[in-house]
Amino acid sequence: MKKSFKDYAIYFLTLILGVAIFYIFNSLDSQQAMSVMGNSTYEIIDFMIQMLGGVSVFVSFILGFLIVYANNFLIKRRNKEFGIYMTLGMGKMQISRILLGETFLIGLLSLAVGLLIGIFGAQFMSLLVVRMFNGVMDGYQFVFSGDAFWKTILYFGIMFLIVAVFNVISLSRYTLSELLAAGRKNEKIGMKNPIRCVVVFLLAVADLAYQYYQVSHPEEITTSGILVIILAGCVGTFLFFWSLSGFLLQIFQKSRKYYLRDLNAFILRQIHSKVNTMVFSMTLICLMLFLTICVLGGGLGINFSFQKMLRELTPVDVNFTDISGAEASTKLKEKGFDMSLLEDGYVEVSFYNTPELTLKDTLDRTGLDVDISGLAVNLEGNEIQETIMKESEYNRLAALYGMEPVEVEEDTYAIVSDYEVTEELRNQLLKAGKTISLNGKTYEPAYENCVYGFVEMMANHGNTGIFILADDQVREEWRGSSFLAGDYRADTQKEKEQIDQEVMKYDVTNMSDGLLINTKIDIIAVSGGLSASVTFVSIYLGIIFLICSAAILALKELSESSDNKERYAMLRKLGTDEKMINQALFRQIGIFFFIPLLLAAVHSVFGMIFIKIALQSLGRIDYFSSVLAAAVIFILIYGAYFLLTYFGSKRIIRNP
């Protein structure tokens, strides 16, 4: 046990991290954060917790695979030791009892330390939940989750029981001669035909390049097409590593000056051997790193963008829309609403529409020198009427929202939009001088691009276009619905929540006579909560994938270091000093960690492009902040495993 702690600290670190993370994400329902949330937010968090519960089952399988995989390395490293025990007269059942005892002690220690870290880490998670869901926590209370505690023990207890059974079965299959010869047994490395490997490499690159192109242009990709792309990408990744191991060494050997410098020949042959014998493992690790980067970067990017959009798209406390045609303020007073609950500066506007201005009219590019075939919608029979607003009314609302005003002349029009997809289409038409006709009069564009803006508060950018005309160009018979936007007469968040509850009493579903109400508190609670839920699941899965990838690499490297102790001893006998050996070891492990990460990073670039296109309705995803945050998490965990692997390997090769 003592020897295992020294030489395989990464195994125990992985177990401890797994237990801690499992407890933290499964204890959210018991944290103090739940007691300070509103009803709508509580429901979202409850939904998130149910999601995390389902994800935890998946995570338990991943961690179980990792534990069995890591334990398999530990058992192989001790084969010679077990052979000596049998030589001294110990039976396999006695050795199995030793393994069962060790597994029990390892599991008990890992659970104890992991749960201790998880219990304290959950307190910080509670603060993060409050921040992400825009809650306010008065005071602090230490919380222990009994459900998460016993759930963690149950799941990891089952995992360690499986490991124990696996150990006994694995040991029973070995003979005494196989155990004693384990230290002298080397992996057989078959030499591959370099020409064949170059051909396969080019095919793999071509395959991956085509899949990159596909995900960068996903407009016509179906669900089955996505599955084909994923499968083809996995095959291409496998062929990449298979072929790389066949000609990589030969390429470096061409440069004799570099190949024979210092210990480069030794390092490159070691790396060649590892890649050659770990093609499947390197493929799996690369794909897990790819998932880690995309899940972390995409999840955090969605949350950052959502939070930014929510701050931008909820500039006031409440929106009222009366679709019956009456003024919204009049309808509110008729229903008994106390208008004194609103600040005096509220703004009331009207929406207009006419059969003379439809999507078919505004998006028709007849006679224009512009090609938007890739973006254009089907205009045949599309009689959906566009929304029109008066210049003065929109500008009053823009001033309330803190947006730029719009200026139009009598014979011009402007389009206000914040939806990127339709903006691109409309901008090309505006630049081409697209005109519209109303009342027998022709209007030209006042701007070459859409003016950024919106009217109704929403969770995401959704204003596909509002036409702004001079006040005297809008006819009253076009008048459709009315709209009112304002702030609550309140100084604190608690007072706003009380008024919000009063306001929502007037939100009815009768489309012919009722008011449609959107409030800032409700939008942030629901939409912000959903984005935060996605973020939590992303962080959970991302960290687990990252730990698994780094742990597999680390354990493989430690195993190799144990196998190669005699080779490093031979280097010392040949006169190589410790500094040069340590540098060679550092570079060897660094390249070993870097190879799958490099291809995973390339995969991730196109994966993030696909995420951006697929989620373009959310607006511009804040990739810089998300990638930066994901990089910090990545460097901390992946870098920690790399350093621990280096120091662990250095200790192993020093021992005689």
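About the criteria used
Residues numbered from 1 in each chain as written. Predicted model: local features only at pLDDT ≥ 70, side-chain atom pairs only at ≥ 80, totals over all residues. Heavy atoms only, no water. Helix = DSSP H or I, 4+ residues; strand = E, 2+ residues; numbered from the N terminus. Buried < 20%, exposed > 50% of the residue type's maximum accessible area, 1.4 Å probe, protein only. Contact = heavy atoms within 4.5 Å. Areas by Shrake-Rupley, 256 points an atom, 1.4 Å probe, with all protein chains shown as cover. Expected span 1.5 Å × (residues − 1). Phe/Tyr/Trp six-rings, centres within 6.5 Å; stacked < 30°, edge-to-face > 60°. Salt bridge = Lys/Arg side-chain N within 4 Å of Asp/Glu carboxyl O. Pairing = 2+ DSSP bridges. Core = buried A, V, L, I, M, F, W, Y, C linked by side-chain atoms within 4.5 Å. Axes fitted to C-alpha atoms, helices over the stretch in contact; angles between N-to-C directions. Left-handed = near helix turned anticlockwise from the far one by under 90°. Nonpolar A, V, L, I, M, F, W, Y, C, P; charged D, E, K, R; others polar. Patch = residues over 30% accessible without salt bridge, like charges linked within 9 Å, V, L, I, M, F, W, Y side chains within 5 Å. Lys, Arg positive; Asp, Glu negative; His and termini not counted. Charge placed at Lys NZ, Arg CZ, Asp CG, Glu CD.

J.: Talk me through the overall build of the protein chain; I want residue IDs and the actual numbers.
T.: For the protein chain, the helix and strand inventory stands at 21 helices and ten strands. Here the protein chain, with 656 residues, has 50% of them falling under the buried criterion. Restricting the contact set of the protein chain to residue pairs at least 6 apart, pairs at least 24 apart contribute 85%. Counting only carbon and sulfur atoms, one obtains 61% of the accessible surface of the protein chain, whose full area is about 31500 Å².

J.: Can you explain helix H6 (residues 146-172)? Please cite residues and give values.
T.: Between its first and last C-alpha, H6 extends 39 Å over 27 residues, near the 39 Å set by a 1.5 Å rise per residue. Looking at H6, one finds that the buried residues are Ala148, Phe149, Thr152, Phe156, Met159, Phe160, Val163, Ala164, Asn167, Ser170 and Leu171.

J.: Give me the packing of aromatic side chains: which residues, what numbers.
T.: Across all of its chains, the model carries 16 aromatic pairs by this definition. With a centroid separation of 5.1 Å and an interplanar angle of 40 degrees, the aromatic rings of phenylalanine 634 and tyrosine 638 are classed as tilted. In this pair, phenylalanine 634 and tyrosine 638 are both assigned in helix H21 (residues 623-654), four residues apart and thus about one turn of the helix distant. Owing to a relative accessible area of 11%, phenylalanine 634 belongs among the buried residues under this scheme. Classification of tyrosine 638 as buried rests on a relative accessible area of 7%. Three or more aromatic residues joined by ring pairs make a cluster, and in this case those are Phe586, Phe593, Phe634, Tyr638, Phe642, Tyr646 and Phe647.

J.: Go over unusual backbone geometry, please, and point to the residues and values.
T.: Positive phi values are uncommon outside glycine, yet asparagine 439 reaches one of about 55 degrees. Secondary-structure assignment places asparagine 439 in the loop between strand E5 (436-438) and strand E6 (441-445).

J.: Quick one: what's the story with the pattern of salt bridges, residue by residue and with numbers?
T.: Evaluated as defined, the whole model comprises nine salt bridges. Where lysine 505 meets glutamate 502, a salt bridge forms, and the shortest distance between an N and an O atom there is 3.1 Å. According to the relative accessible area criterion, lysine 505 is exposed, its value standing at 60%. Residue class for glutamate 502 comes out partly exposed when judged on its relative accessible area of 28%.

J.: Account for the environment of phenylalanine 166, naming residues and giving values.
T.: Relative to the helices and strands, phenylalanine 166 is located in helix H6. The exposure class assigned to phenylalanine 166 is partly exposed, which follows from its relative accessible area of 28%. Residues phenylalanine 166 and asparagine 72 lie 94 residues apart in sequence; the distance between their C-alpha atoms is 8.7 Å. With sequence-adjacent residues up to four places away left out, phenylalanine 166 is seen in contact with Val68, Asn71 and Asn72.

J.: So what's going on with the pairing of strand E1 (residues 318-322)? Which residues, and what values?
T.: Within E1, five of the five residues are buried, leaving the element largely enclosed by the surrounding structure. The alternating pattern of E1 places Val318, Phe320 and Asp322 and Asn319 and Thr321 on opposite faces, both of which are buried. In this sheet, strand E9 (residues 479-486) lies alongside E1 in antiparallel orientation, the contact comprising five bridges. Across the sheet, asparagine 319 pairs through a bridge with alanine 485, a residue of E9. In this sheet, strand E10 (residues 515-519) lies alongside E1 in antiparallel orientation, the contact comprising five bridges. The partner of asparagine 319 across the bridge, within E10, is asparagine 518.

J.: Just give me the short version of the nonpolar core, but keep the residues and values in it.
T.: Membership of the largest hydrophobic core comes to 90 residues, with the highest contact counts inside it found for Phe156 and Tyr638. Broken down by element, the residue count for this core peaks at 18 residues, all from helix H18 (residues 520-563). For phenylalanine 156, the residues in contact, after removing those within four places along its chain, are Gly18, Val19, Phe22, Leu63, Ile67 and Leu111. Of all hydrophobic cores here, the second largest spans 29 residues; its members include Leu397, Val408, Ala414 and Val455.

J.: Pulling in residues and values, what's your account of helix H12 (residues 279-313)?
T.: Look at H12: 49 Å from first C-alpha to last across 35 residues, which is about the 51 Å you get at 1.5 Å a residue. Burial of H12 is extensive: 25 of the 35 residues sit out of reach of the surface.

J.: Please set out the packing of helix H2 (residues 9-26) against H6 residue by residue, giving values where relevant.
T.: The geometry of a pair of packed helices is captured by two quantities: the angle between their axes and the separation between those axes. In the contact formed by H2 and H6, the axes pass within 9 Å of each other and the chain directions differ by 145 degrees. Relative to H6, the crossing made by H2 is right-handed. Between H2, through Leu15, Gly18, Val19, Phe22, Tyr23 and Asn26, and H6, the contact on the second element is made entirely by Ala148, Phe149, Lys151, Thr152, Tyr155, Phe156 and Phe160. Here the contact of H2 with H6 is built from residues that sort into nine nonpolar, three polar and one charged.

J.: Could you give me a rundown of the environment of glutamate 312, with the residues and numbers involved?
T.: As for its position among the elements, glutamate 312 is in helix H12. Once the C-alpha coordinates of glutamate 312 and alanine 459 are considered, the two residues, 147 residues apart in sequence, prove to be 9.7 Å apart.

J.: Describe in detail a negative patch on the surface, supporting the description with residues and values.
T.: On the surface, a cluster of negative charge is contributed by Glu407, Glu409, Asp411 and Glu444. Note on placement: aspartate 411 falls in the loop between helix H15 (391-401) and strand E4 (412-417). When its relative accessible area of 42% is taken as the criterion, aspartate 411 is described as partly exposed.

J.: Hey, could you go over a nonpolar patch on the surface for me, with residue numbers and the actual values?
T.: A surface patch of nonpolar side chains, amounting to about 320 Å² of accessible area, comprises Phe104, Leu105 and Leu108. With respect to the helices, strands and loops of the structure, leucine 105 is situated in helix H5 (residues 92-132). Under the relative-accessibility criterion, leucine 105 is labelled partly exposed at 45%.

J.: Let's hear about the side chain of asparagine 427: which residues, and what values?
T.: Its location among the elements puts asparagine 427 in helix H16 (residues 420-431). Residues contacting asparagine 427, with those up to four places away along its chain left out, are Glu448, Asn449 and Cys450.

J.: How would you sum up the side chain of serine 216? Please name residues and give values.
T.: As for its position among the elements, serine 216 is in helix H8 (residues 194-216). Beyond its immediate chain neighbours, meaning those up to four positions away, serine 216 contacts Phe606, Ile609 and Ile613.

J.: Outline the environment of phenylalanine 149, supporting the account with residue identities and numerical values.
T.: For phenylalanine 149, the location among the structural elements is in helix H6. Sequence-wise, phenylalanine 149 and asparagine 26 are 123 residues apart; in three dimensions their C-alpha atoms are separated by 8.7 Å. When neighbours within four sequence positions are excluded, phenylalanine 149 is seen to be in contact with Tyr23, Leu115 and Phe144.

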